[in-house]
Amino acid sequence: DVFQLKFGRIDRAVELFRRLPEVVGAGPIAVHQRGMTDISSGMYTFVTEMPVPSMAAWEGIRSSLFERPGYDEWFKQFQLIVESGQLEMFTIEGEHPGWSRPGVVIVRAIYRAHKWQIRPAVALLQRYGALLVDSQVGRNPRVLTDLAGQMFTCVIEIETDSLSEWENRRREMYKRPEFQAWFAQLSST
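Residues numbered from 1 in each chain as written. Predicted model: local features only at pLDDT ≥ 70, side-chain atom pairs only at ≥ 80, totals over all residues. Heavy atoms only, no water.

Another aspect to go through is the overall build of the protein. When its secondary structure is counted, the protein shows six helices and eight strands. Traced from its N-terminal end to its C-terminal end, the protein shows the element sequence β-α-β-β-α-α-β-β-β-α-β-β-α-α. Here the protein holds 189 residues, and 35% of them are scored as buried. Once local pairs closer than 6 in sequence are excluded, the contacts in the protein between residues at least 24 apart make up 73%. Accessible area of the protein: about 11,300 Å², with a carbon and sulfur share of 54%. Separation between the mean location of the 22 positive side-chain charges and that of the 23 negative ones in the protein comes to 3 Å. (Helix = DSSP H or I, 4+ residues; strand = E, 2+ residues; numbered from the N terminus. Buried < 20%, exposed > 50% of the residue type's maximum accessible area, 1.4 Å probe, protein only. Contact = heavy atoms within 4.5 Å. Areas by Shrake-Rupley, 256 points an atom, 1.4 Å probe, with all protein chains shown as cover. Lys, Arg positive; Asp, Glu negative; His and termini not counted. Charge placed at Lys NZ, Arg CZ, Asp CG, Glu CD.)

Right, let's get into the packing of aromatic side chains. Counted by the stated rule, this structure contains 14 aromatic pairs. Consider the rings of tyrosine 128 and phenylalanine 179, whose centres lie 6.5 Å apart with planes at 50°: the pair is tilted. You can see tyrosine 128 sitting in helix H4 (residues 118–134) and its partner phenylalanine 179 sitting in helix H6 (residues 177–187), a full 51 residues away along the chain. Here tyrosine 128 matches phenylalanine 179 in class, with each residue buried. Linked through ring pairs, Phe3, Phe66, Tyr71, Trp74, Phe75 and Phe78 together constitute an aromatic cluster. (Phe/Tyr/Trp six-rings, centres within 6.5 Å; stacked < 30°, edge-to-face > 60°.)

Let's shift gears to helix H1 (residues 10–24). Over its 15 residues, H1 runs 22 Å from end to end, which matches the ideal 21 Å to within 8%, given 1.5 Å per residue. Summarising the contacts, the buried residues of H1 are in contact with strand S1 (2–5), strand S2 (34–37), strand S3 (45–49), helix H2 (55–67) and helix H3 (71–79). Glycine 25 sits one or two positions beyond H1 and adopts a positive phi of about 75°. (Expected span 1.5 Å × (residues − 1).)

This next bit is on the pattern of salt bridges. Taken as a whole and assessed by the stated rule, the structure comprises 16 salt bridges. Residues glutamate 165 and arginine 169 are paired through a salt bridge, measuring 3.5 Å at the closest nitrogen-oxygen approach. Residue glutamate 165 and its partner arginine 169 are both found in helix H5 (residues 163–174); the two are separated by four residues, about one turn of the helix. Overall, the relative accessible area of 34% leaves arginine 169 in the partly exposed class. Across the salt bridge formed by glutamate 178 and arginine 176, the nearest N and O atoms sit 3.2 Å from each other. The network of salt bridges with shared partners includes Arg34, Glu49, Glu88, Arg108, Arg142 and Glu157. (Salt bridge = Lys/Arg side-chain N within 4 Å of Asp/Glu carboxyl O.)

Bear in mind that shape data such as this cannot, by itself, settle questions of function.
Set out below in structure tokens:
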């Protein structure tokens, strides 16, 4: 879920999100769910993420959550700080260990593949993730493809501790022949 919050309400969203497991108790929220706040792009953006094994599992978790005692009261508080929102669904391409810890910076790049070229785009972004790790730009890359929304969307996310470190190491990576070969291939796909 991607929420655009009212001006200055990001801290309140984080507080409410952290309280949600206490409010609804054990049950659907026991799945691994995380909240992320913006560093760049749209100000006062709050994203919640919940990996699930299937759409059926997602539907069951969502229905169960909505029926939990205390959820309605929690949601009334949350909706007061939200301007708008959208639901995004992606398939994780390949194994992924999960993010390291709270406070890590997630760098997310979104690509649109040429029509029906999503598989080659996934392979290229997986290779890019390996280059980022090998160049010590970031760690734990994951590639996502659209499950809903705009077709032929491919996303790479990777974690880093510092955006300045990310930028400096990435500039060094650009000089490597492996990166230049990868970039030439990406440009033609």
